[in-house]
Amino acid sequence: MKIFEKLSFVQVCNLLEEKKNTLVLFHVRPDGDAVGSALALKLLLEAMGSRAWCLCANEIPQRLAFLSEGVQKSALFESIPEDFDVERVISVDTASSSQLGALYESFCGKIDVIIDHHAKGEPYADYYVASDAAAAGEIVFDISREMLKRGAIKAIPDKLDFCLYAAISSDTGCFKYSNVTPKTHICSAELLNSGIDTAEINRLLFDSKSMEVLAVEKAGLDTLKMFHNGKIAVVFFTYQMKQKLGVLDEHLETLIDVARSVEGVDVAVAIRQPGPEKTFRVSTRSSSAVDVSAVCAYFGGGGHVRAAGCTIVADCIEHVADLVITEIEKQLF
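Here the structure is a predicted model, which is why all the values come from computation and not from measurement.

Draft legend 1. Representation of the overall build of the chain in the model. Secondary structure assignment for the chain yields 13 helices and 11 strands. Whereas a compact globule of 333 residues would reach a radius of gyration of roughly 20 Å, the chain reaches 20 Å, a difference of no more than 12%. Taken over the C-alpha atoms alone, the chain extends approximately 60 × 45 × 40 Å along its principal axes. Split into buried and exposed, the 333 residues of the chain put 53% on the buried side. The contacts in the chain between residues at least 6 apart in sequence include a share of 65% that link residues at least 24 apart. When the accessible surface of the chain is summed, it comes to about 15,200 Å², and 52% of that surface belongs to carbon and sulfur atoms.

Laid out in structure tokens, this is it:
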């Protein structure tokens, strides 16, 4: 088993300062932090004289398309320009190789560095992990300001701060989650000072939902089940429900919020069945002492202490709930 090197902040900055054609990979079912931090890194690399292209196994969700406007139309593999000769590969906000989906098969052994903020993960290349950062966007913020200080760039590129603010706001739930630190607010204050429309960014991230998303949340609420005197809330979304409503995977991202919003809930769980196979994706959130990253790590997943996910193969969706609740119980009792 190969041992990967833990890099320092300076080492990462030195690596990025080298002018090379760079692919920036980010995880499947991308959220605002993955998209925002990857696009911001692309803009930074281009400002330093490199060519860069962002890549994901899934297309950027429609609800996050406002971030890529004017930067890159598509993030799918086939969108790579024909004359793009790859010289360097970086992954952002992706704690384990499985989160890269189909991309990992193409880039296994070719990834030069991981830039991430997840405390628990499985290194698949040399890595820089700042687990105290609220979002990967915070790390890219630090890198961009270091490059400005070094003189590697003369000014912050257009839209870079826009993407970084969205990344940070997305992963902190508009600055209401426990991962927010004083530094998070300091970074965000500087981003706000750049003149970006933070109110519009937050409206698009949190206050604007498609009819498909609202239909999914309604259907999810109908499946809500409570366990252990209301301490654990679980919502279910089967493939049959997905077909009936005619929705896509990107419309299921807020299911976890249905469970988390119930008064008195310590641990929220959303279980989704993306296809006809007996493979289920689990999202977990904790507002108590329960470490859901440990729960998900048991099933080969990972994430943060308060927010984590995993994939489980089981006979039925109810069995998945039983397995996850059993692991949660080990910490509750």
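Draft legend 2. Representation of the sheet that holds strand 1 (residues 22-26) within the structure. Taking strand neighbours across the sheet as the criterion, the five strands line up as 2-1-3-4-5 in an open arrangement whose pairing is parallel. The two strands at the open ends of the sheet, each matched to only one other strand, are strand 2 (52-55) and strand 5 (127-129). If you compare each strand with its neighbour and ignore which way they point, the axes differ by 20° on average. Here three bridges tie strand 4 (residues 113-116) to strand 5, and the two strands are oriented parallel to one another.

Draft legend 3. Fine view of the packing of helix 5 (residues 136-150) against helix 6 (residues 160-171). Packing of helix 5 against helix 6 leaves a shortest axis separation of 8 Å and a crossing angle of 150°. What the angle tells us is that helix 5 and helix 6 run roughly antiparallel. For the pair helix 5 and helix 6, the contacting residues are Gly 137, Glu 138, Val 140, Phe 141, Ser 144 and Arg 145 in the first and Leu 160, Asp 161, Leu 164, Ala 167 and Ile 168 in the second.

Draft legend 4. Molecular detail of the packing of aromatic side chains. Here the structure, examined in full by the defined rule, presents six aromatic pairs. Taking 6.1 Å as the distance between ring centres and 80° as the angle between the ring planes, the aromatic pair formed by Phe 66 and Phe 162 counts as edge-to-face. Note that Phe 66 is positioned in helix 3 (residues 65-68) and Phe 162 in helix 6, a separation of 96 residues in sequence. Of the two residues, Phe 66 and Phe 162, both sit in the buried class. Centroid distance Tyr 298 to Phe 299: 5.0 Å. Interplanar angle 90°. Geometry classified as edge-to-face.

Draft legend 5. Spotlight on the pattern of salt bridges. As enumerated under the stated definition, the model contains 15 salt bridges in all. As a salt-bridge pair, Glu 17 and Arg 150 come within 2.7 Å of each other at their nearest N and O atoms. Linking Glu 17 in helix 1 (residues 9-17) with Arg 150 in helix 5, this pair joins segments that are 133 residues apart in sequence. Under the relative-accessibility criterion, Arg 150 is labelled partly exposed at 30%. Between Arg 203 and Glu 200 there is a salt bridge, with the nearest N and O atoms lying 2.9 Å from each other. Pair noted here: Arg 203 and Glu 200 are both in helix 8 (residues 198-207), with a separation of three residues, about one helical turn. On the basis of relative accessibility, which here comes to 30%, the residue Glu 200 falls in the partly exposed class. Ionic contacts of the salt-bridge type, sharing partners, join the residues Glu 17, Glu 146 and Arg 150 into one network.

The rules behind these values
- Throughout, residues of each chain are indexed from 1 in the direction in which the sequence is written.
- Given that the model is predicted, a residue must reach a pLDDT of at least 70 before its local features are reported, and side-chain atom pairs must reach 80 or more before they are shown or counted; all residues, however, enter totals for whole chains, interfaces and linings.
- With hydrogens and water set aside, each side-chain value is computed from the structure's full complement of heavy atoms.
- Secondary structure follows DSSP: runs of H or I at least 4 residues long count as helices, runs of E at least 2 residues long count as strands, and numbering of each begins at the N terminus.
- This radius of gyration counts C-alpha atoms alone. The globule rule is 2.2 Å times how many residues there are, raised to the power 0.38.
- Partly exposed describes any residue whose relative accessible area lies between the buried limit of under 20% and the exposed limit of over 50%, with all areas from a 1.4 Å probe on protein chains only and scaled to the type maximum.
- By the convention used here, residues are in contact when the closest approach between their heavy atoms is within 4.5 Å.
- Accessible areas in this description were obtained via Shrake-Rupley with a 1.4 Å probe; residue shielding takes into account the shown protein chains only.
- Strands are labelled as partners when DSSP assigns at least two bridges between them.
- Axis definition: a line fitted to C-alpha atoms, limited for helices to the stretch in contact. Angles are taken between N-to-C directions and run from 0 to 180 degrees.
- Should an angle fall under 35 degrees it is taken as roughly parallel, and over 145 as roughly antiparallel, whereas 65 to 115 is taken as roughly perpendicular and any remaining angle as oblique.
- For Phe, Tyr and Trp, rings pair up if their centres lie within 6.5 Å, where Trp contributes its six-membered ring, and each pair is then called stacked (planes under 30 degrees apart), edge-to-face (over 60) or tilted (otherwise).
- Salt bridges are defined as contacts in which a side-chain nitrogen from Lys or Arg sits within 4 Å of a carboxyl oxygen from Asp or Glu.

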